[in-house]
Amino acid sequence: PSALSTADIAAQQQAAQISNLKKNVQNLVGNAMGVYETLYGNLGAAAASQKKQLEEQFGLQESQMQQQFSQELPRIGTAYAGRGAYDSSWRINAEQAAKDQMLNQLKSLGMERAAQMSSLGKSVMEQEAAFKTGQDALNRYLADIQGITDIDKLSALQTDVQKRISELEQAKAG
């Protein structure tokens, strides 16, 4: 058996270093994907919570409007009865005007609710798209890593993935 030359030993060490860097990057990508999964879950929970909060808020406002109308309607009748005009078209018109006003307010409230729900949905979709873009980038790293033999490129890739994980952890905390 012939002794290995210094060049052979250096090549073996470099190959081992490249292999280790590739494994590290693959592990880091796996960790990052796990953080993305957590972020998806957190986003879903936050969206559901915000939706529930909006539903409760608008439900309360709608209930208050209807309660106010229910209290106001008899007052209109009483006011016209006090004038001796309870059976008049004036009372009927005044009650209809109050009803129309309440319906318009409910319609406006419904439109505001729909706009806020739409905004929430848009925000969720934008976040999911950003997550997908990040995952796609990580998947490209995995696809490209096998062809990379430059230690500096692999080290830079490792640093980039570590930075992404740090950013994702910060996003998860938020």
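These figures come from a predicted structure and were not determined experimentally. (Residues numbered from 1 in each chain as written. Predicted model: local features only at pLDDT ≥ 70, side-chain atom pairs only at ≥ 80, totals over all residues. Heavy atoms only, no water.)

1. Things to note about the overall build of the protein chain
Stage number 1. Of regular secondary structure, the protein chain possesses three helices and zero strands.
Stage number 2. The C-alpha atoms of the protein chain give a radius of gyration of 33 Å, which is well past the 16 Å a tight globule of 174 residues would have.
Stage number 3. Burial analysis of the protein chain (174 residues in total) assigns 26% to the buried set.
Stage number 4. Within the protein chain, contacts between residues separated by at least 24 positions form 79% of all contacts whose residues are at least 6 apart in sequence.
Stage number 5. When the accessible surface of the protein chain is summed, it comes to about 11600 Å², and 51% of that surface belongs to carbon and sulfur atoms.
Stage number 6. Here the protein chain contributes 17 positively and 19 negatively charged side chains, and the mean placements of these two sets differ by 3 Å. (Helix = DSSP H or I, 4+ residues; strand = E, 2+ residues; numbered from the N terminus. Rg over C-alpha atoms; globule rule 2.2 N^0.38 Å. Buried < 20%, exposed > 50% of the residue type's maximum accessible area, 1.4 Å probe, protein only. Contact = heavy atoms within 4.5 Å. Areas by Shrake-Rupley, 256 points an atom, 1.4 Å probe, with all protein chains shown as cover. Lys, Arg positive; Asp, Glu negative; His and termini not counted. Charge placed at Lys NZ, Arg CZ, Asp CG, Glu CD.)

2. Some words on the confidence of the model for the protein chain
Stage number 1. Residues of the protein chain with pLDDT of at least 70 account for 98%, and the chain-wide mean is 92.
Stage number 2. When pLDDT is averaged over each helix and strand of the protein chain, the minimum, 92, is found for helix 3 (residues 151–173) and the maximum, 95, for helix 2 (residues 89–145). (pLDDT = per-residue confidence, 0-100.)

3. Side note on the packing of aromatic side chains
Stage number 1. What the rule picks out here adds up to two aromatic pairs.
Stage number 2. The interplanar angle of 85 degrees and the centroid separation of 5.2 Å between the aromatic rings of Tyr40 and Phe131 together place this pair among those described as edge-to-face. In this pair, Tyr40 sits in helix 1 (residues 6–82) while Phe131 sits in helix 2, placing the two residues 91 residues apart along the sequence.
Stage number 3. Assessed through its relative accessible area of 23%, Tyr40 is described here as partly exposed.
Stage number 4. Given the relative accessible area of 8%, Phe131 is considered buried. (Phe/Tyr/Trp six-rings, centres within 6.5 Å; stacked < 30°, edge-to-face > 60°.)

4. Things to note about the pattern of salt bridges
Pairing of side chains with opposite charge becomes possible as their charged atoms draw close.
Stage number 1. All told, the structure shown has eight salt bridges when counted by the stated rule.
Stage number 2. In this structure, the salt-bridge partner of Asp160 is Arg164, at a minimum N-O distance of 3.6 Å. One end of the pair, Asp160, and the other, Arg164, are both in helix 3, four residues apart, so they sit about a helical turn from each other.
Stage number 3. Judged by relative accessible area, which is 24%, Arg164 ranks as partly exposed. (Salt bridge = Lys/Arg side-chain N within 4 Å of Asp/Glu carboxyl O.)

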